[in-house]
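Chain by chain, the residues run as shown.
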Amino acid sequence: MRTSRDNMAVKTVVNKLKRGNISLKHKLQRREGAWSKKTKDLLIDSLIRSWLVNPIYTVEDGKQCAIDGVQRLSTIRDYLADGFALSKENKSVIIDGVEYELAGKKYSKLDNVVKDKLDSAQVTIFDILEYTDDEVREMFKRLNSGVPLNTLQKLMPEMSEKLSDAIYDIISLPFFETRLTKAQLKASTDQNIALETLMLCDANEEYTAKSFRKADKENFVKYYNDKVDMTLVEVIKEGISKLDESLAEDVKIPKTTFSVLCYASYIAVNEGKDYNVFIERVNDFLNNYDNNLDYKENLNDGTTSSNSVQYRINYWQGIVSSIL
């Protein structure tokens, strides 16, 4: 591995983001927007006060792709674009003996002296120039060893390049931005749905989805890392895209149904079922979900349990198999 280190002014970083020289999209990273308002506020305040902030790590892949620091970079970019205001509780800052107010101010409302201080604040960026995929994954694990990532986020470094590419390919579909809430996207729910859908759609006899619990997801990742079928992935994407196009924009999909619904759409497309009839059945299910007591009762065992997952698989397989 060969790396370079650069201390870059905030204004320069933002300009590089605008030009696309630095990308916030990488398969190992969470989506931007995961930070709370308070955390964003603390970063900007720290930069104005010339306090130390954690470095940013990028890998060269035609451009600098952030593998650690997406939240910091997007926060800096958004603040300089007046995307949010600092907390009204922020204390003033003293620059060259003069006191300036920060409380409640967007970037455009800062005093020019404070703007200059922020614009010139230094951000350390480590750029990884020569590397193997295994080296980057191992480094990512070590960088995040003390960060409370959820189960799916912890699994990402364990995935092969092919598997993480497949998941990234699936979640790039408009379906996820359209159908998931901001909170769900922050929690990497889109990646979780993609992984669970792959678990359901893979028909190899060596592996059968038993549950969506952590251990079974870990076992699937180990099993599937070198068995990724991109033909299967393309059909899954076709099924999800068709589902997205066929459902009304404002329809609500229960969070426990996303993965199995993507799976059912995959089966309908793969088996050449009458998709109009399939969507009629899906709409009937969604419109009457609150009254579907049997379905909801079978989630009481825990939505990741084997009984719950198997019930939903059988339920949707039954719907698809009844369609010509």
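As a starting point, this report considers the structure included with it.

**Quick word on the packing of aromatic side chains**
Geometry of an aromatic ring pair is reported as the spacing of the ring centres plus the angle between the planes. Under the counting rule described, the total for this entry stands at 18 aromatic pairs. Each ring, one from Y289 and one from Y295, has its centre 6.0 Å from the other, and the planes form 70 degrees; the classification is edge-to-face. The pair formed by Y289 and Y295 is uniform in burial state, with each residue classed as buried. Ring geometry for Y295 and Y315: centres 4.8 Å apart, planes at 75 degrees, overall edge-to-face.

**So, the nonpolar core**
Nonpolar side chains tend toward joint burial in soluble globular proteins. The biggest cluster of nonpolar side chains holds 63 residues, and the ones touching the most others in it are M159, F176, L195, L198, F278 and W316. For this core, the leading source of residues is helix α13 (residues 258–270), giving 10 residues. In contact with F176, other than residues within four places in its own chain, are R31, I170, I171, L185, D190, I193 and I240. With 31 residues, the next largest nonpolar core counts I22, L43, L73 and I76 among its residues.

**Examining the pairing of strand β4 (residues 64–68)**
Counting buried residues along β4, five of its five residues qualify, which places the element largely inside the surrounding structure. As paired strands, strand β2 (residues 22–23) and β4 are joined by two bridges and run parallel to one another. Residue pairing across strands places I22 opposite Q64, the latter belonging to β4. As paired strands, strand β3 (residues 56–60) and β4 are joined by four bridges and run antiparallel to one another. Its bridge partner lying in β4, E60 is registered against Q64. Linking β3 back to β4 in an antiparallel pair, the connection comprises three residues, with G62 at a positive phi of about 85 degrees.

**Regarding unusual backbone geometry**
The phi dihedral of D82 falls on the positive side, at around 60 degrees, and the residue is not glycine. Summarising the element assignment, D82 is placed in the loop between α3 (70–80) and β5 (93–95). Residue classification places D82 among the partly exposed positions, given a relative accessible area of 25%. Positioned with a positive phi, D96 is a non-glycine residue whose angle comes to about 55 degrees. Among the structural elements, D96 can be located in the loop between β5 and β6 (98–100). In this structure D96 comes out as exposed when scored by relative accessible area, which is 77%.

**So, the environment of K63**
Within the fold, K63 resides in the loop between β3 and β4. Sequence-wise, K63 and D274 are 211 residues apart; in three dimensions their C-alpha atoms are separated by 44 Å. Excluding anything up to four places from it in sequence, K63 contacts G20, N21 and S23.

**Structural notes on the pattern of salt bridges**
This model, assessed by the stated rule, comprises 12 salt bridges. Between R2 and E130 there is a salt bridge, and its shortest N-O distance comes to 3.2 Å. Of this pair, R2 sits in strand β1 (residues 2–9) while E130 sits in strand β7 (residues 122–130), and the two are 128 residues apart along the sequence. Judged by relative accessible area, E130 falls into the partly exposed class, the value being 46%. It is possible to trace a salt-bridge network through shared partners that takes in D169, E234 and K237.

**Some points on the side chain of T75**
Relative to the assigned elements, T75 resides in helix α3. A relative accessible area of 1% means that T75 is categorised as buried. Within the structure, T75 has its side chain in polar contact with the backbone oxygen of Q71 (distance 2.7 Å). Setting aside residues no more than four positions away along its own chain, T75 makes contact with W35, K40, L43, I44 and F84.

**Some remarks on the sheet that holds β7**
Spatially, five strands are ordered β1-β7-β3-β4-β2 in an open sheet, and the strand pairing comes out mixed. The open sheet is flanked by β1 and β2, the only strands paired with a single partner. On top of the sheet, helix α1 (residues 10–19) reaches β1, β2, β4 and β7; it is set at about 115 degrees to β1, its chief contact.

**Some thoughts on the environment of M8**
Summarising the element assignment, M8 is placed in strand β1. Relative accessible area serves as the criterion here: at 7%, M8 is assigned to the buried category. Taking the C-alpha atoms as reference, M8 lies 5.2 Å from V123; in sequence the two are 115 residues apart. Ignoring anything within four residues of it in the chain, the contact list for M8 reads V13, K16, A121, Q122, V123 and I125.

Procedures and definitions
Residues numbered from 1 in each chain as written. Predicted model: local features only at pLDDT ≥ 70, side-chain atom pairs only at ≥ 80, totals over all residues. Heavy atoms only, no water. Phe/Tyr/Trp six-rings, centres within 6.5 Å; stacked < 30°, edge-to-face > 60°. Buried < 20%, exposed > 50% of the residue type's maximum accessible area, 1.4 Å probe, protein only. Core = buried A, V, L, I, M, F, W, Y, C linked by side-chain atoms within 4.5 Å. Helix = DSSP H or I, 4+ residues; strand = E, 2+ residues; numbered from the N terminus. Contact = heavy atoms within 4.5 Å. Pairing = 2+ DSSP bridges. Salt bridge = Lys/Arg side-chain N within 4 Å of Asp/Glu carboxyl O. Polar contact = N/O pair within 3.5 Å; in protein donor to acceptor, adjacent residues only side chain to side chain. Axes fitted to C-alpha atoms, helices over the stretch in contact; angles between N-to-C directions.

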